[in-house]
Amino acid sequence: MVAKDQKTNHHLDPTEIGLRPGLEGVPVTQSAICDIDGVKGELRYRGYPIAELASHSSFLETTYLLIWGDLPSPQQLRDFEREVQMHRRVSFRVRDMMKCFPASGHPMDALQSSAASLGLFYSRRAIDDPQYVYDAVVRLIAKIPTMVAAFQLIRKGQDPIQPRDDLAYSANFLYMLTEREPDPLSARIFDKCLILHAEHSLNASTFSARVTASTLTDPYAVIASAVGTLAGPLHGGANEDVIKMLEDIGDPEQANSYLEKAIAKKQKIMGFGHREYKVKDPRASILQGLAEELFARFGKDEMYDVARTLEKQSERSLGKKGIYPNVDFYSGLVYRKLGIPRDLFTPVFAISRVAGWLAHWREQLGANRIFRPSQIYTGEKSRKWKQADDRLSPTSI
Ligand code: CMC
């Protein structure tokens with residue numbers, strides 16, 4: 001496949017363009033949603049600094065901002081909140097389907113399947129119809145938390161509990177998950193976590209969402225493909241692995257020897273490093289502050305000292321390579337204090353990131369061209385067909 005230079009209309013040979021593993025530094029789209037300065041450690045959604053949004057906004061207001069480009073008026077926000085609240089329930093058919101999932105399955109797999117199933121219930125209309133777009137946004141933002149909480153109860157052998165209309169978005173999710181109304185501090189901190197994870201430019205899952213969107217498929221397929229991509233341990237799945245790693249280290253005294261051994265074996269330290277940031281991820285600093293707020297009220301998580309020591313010790317070795325804590329490093333400690341089980345950390349990330357994925361879905365549709373990159377072929381050029389008896393048996397598969 002030979003690409004075309006958009007300016008000259010000349011065909012370009014992929015070998016001349018050169019291979020960029022992981023597409024590092026290759027712009028593949030224009031976007032007005034999120035801006036990262038990885039040297040200064042700055043992150044803005046639609047021009048607003050992340051720290052300001054985390055201090056003053058709510059997750060639903062931030063979602064509105066990301067998807068429609070501007071902060072809503074008070075009336076627009078009330079309408080959006082009300083619509084989301086009205087669509088929180090999921091069909092009994094989706095719940096019954098989830099009851100057939102193996103209880104031992106990972107909740108991210110359950111979420112990917114149930115998100116994709118929504119496409120069966122809401123028939124595809126013209127995807128450029130603003131009402132269809134609005135309805136799909138509302139449904140996905142409203143139902144994803146309900147599905148995450150439902151699977152948690154279903155796998156424990158219980159029936160899911162219905163959303164409570166008197167509770168705001170984050171409080172309602174924690175209620176459906178833990179079966180008790182959260183205290184206001186926990187609900188507020190959880191809402192801030194959702195704001196912090198809502199969007200982060202062209203990361204792997206958002207790219208996946210845009211690639212899927214570029215085929216003009218339905219938004220439920222877009223979100224399901226993004227959920228599958230987020231699940232990997234190099235992406236959203238890292239928050240789960242961070243807690244495993246901290247527990248393996250077990251004691252701040254052991255942090256340095258763990259670090260040295262891991263570096264010697266060229267193992268990645270989970271929750272460290274980022275393609276975009278060469279300094280500490282600004283979200284990690286805010287999450288660390290939120291963890292401290294929770295610890296001050298509800299008691300410290302002993303793994304926090306391990307985490308802090310690991311961060312400090314890593315400066316000498318990893319810091320000089322520009323590798324610092326990313327968003328996943330402290331988020332697990334916050335979620336754990338909120339009573340969220342470890343294998344739900346990544347689904348919780350997905351609840352939030354669906355806002356960014358939907359913003360990119362809309363943006364992609366606004367100036368769409370199907371993604372179809374090229375490759376540099378390295379296989380055999382031409383081979384002659386052999387009858388089965390003439391083939392050598394492989395020594396290994
Ligand atoms: N621990 C130790 N060394 C690291 C780490 C780490 N966490 N991250 C990068 N490096 C080293 C890596 O070994 C390589 O060194 P060298 O040049 O000597 O071979 C160099 O830094 C570049 O690493 P890379 O893997 O080529 O960098 P990348 O931009 O392709 O990967 C990353 C970025 C986030 C996948 C990677 O840093 C990583 O695997 N981190 C651990 C997993 C993690 O925390 N993921 C969450 C990412 S942030 C949230 C999200 O996206 O969901």
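The structure under discussion appears in the preceding block.
Presented here is a report on the structure given in the accompanying data block. Predicted, not measured: the structure shown is a model, and the values here were computed from it.

On to the overall build of the protein chain, then. In terms of helices and strands, the protein chain carries 17 helices and five strands. Relative to the globule expectation of 21 Å for 397 residues, the C-alpha radius of gyration of the protein chain, 23 Å, shows essentially globular dimensions. Considered along the principal axes of its C-alpha atoms, the protein chain spans approximately 70 × 55 × 50 Å. Across the 397 residues in the protein chain, those meeting the buried criterion constitute 47%. In the protein chain, of all internal contacts separated by at least 6 residues, the share reaching a separation of at least 24 is 74%. Carbon and sulfur atoms form 50% of the exposed surface of the protein chain, whose accessible area is close to 20,300 Å². Charged side chains in the protein chain number 52 positive and 49 negative. The centres of these two groups are separated by 3 Å.

Next up on the list: the packing of aromatic side chains. Inspection of the entire model under this criterion finds 16 aromatic pairs. Their ring planes at 20° and their centres at 5.4 Å tell us that Phe 173 and Phe 190 sit as a pair that is stacked. Of the two residues, Phe 173 sits in helix α8 (residues 169-178) while Phe 190 sits in helix α9 (residues 184-197), which places them 17 residues apart along the sequence. Across the pair, Phe 190 and Phe 173 agree in class, each one buried. Taken together, a centroid distance of 5.6 Å and an interplanar angle of 55° make the contact between Tyr 335 and Phe 345 tilted. Of this pair, Tyr 335 sits in helix α16 (residues 327-337) while Phe 345 sits in helix α17 (residues 345-366), and the two are 10 residues apart along the sequence. For the residue pair Tyr 335 and Phe 345, the accessibility class agrees, reading buried in each case. Clustering of aromatic rings is evident, with ring pairs tying together Phe 272, Phe 295, Tyr 304, Phe 329 and Tyr 330.

Rules behind the numbers
Residues numbered from 1 in each chain as written. Predicted model: local features only at pLDDT ≥ 70, side-chain atom pairs only at ≥ 80, totals over all residues. Heavy atoms only, no water. Helix = DSSP H or I, 4+ residues; strand = E, 2+ residues; numbered from the N terminus. Rg over C-alpha atoms; globule rule 2.2 N^0.38 Å. Buried < 20%, exposed > 50% of the residue type's maximum accessible area, 1.4 Å probe, protein only. Contact = heavy atoms within 4.5 Å. Areas by Shrake-Rupley, 256 points an atom, 1.4 Å probe, with all protein chains shown as cover. Lys, Arg positive; Asp, Glu negative; His and termini not counted. Charge placed at Lys NZ, Arg CZ, Asp CG, Glu CD. Phe/Tyr/Trp six-rings, centres within 6.5 Å; stacked < 30°, edge-to-face > 60°.

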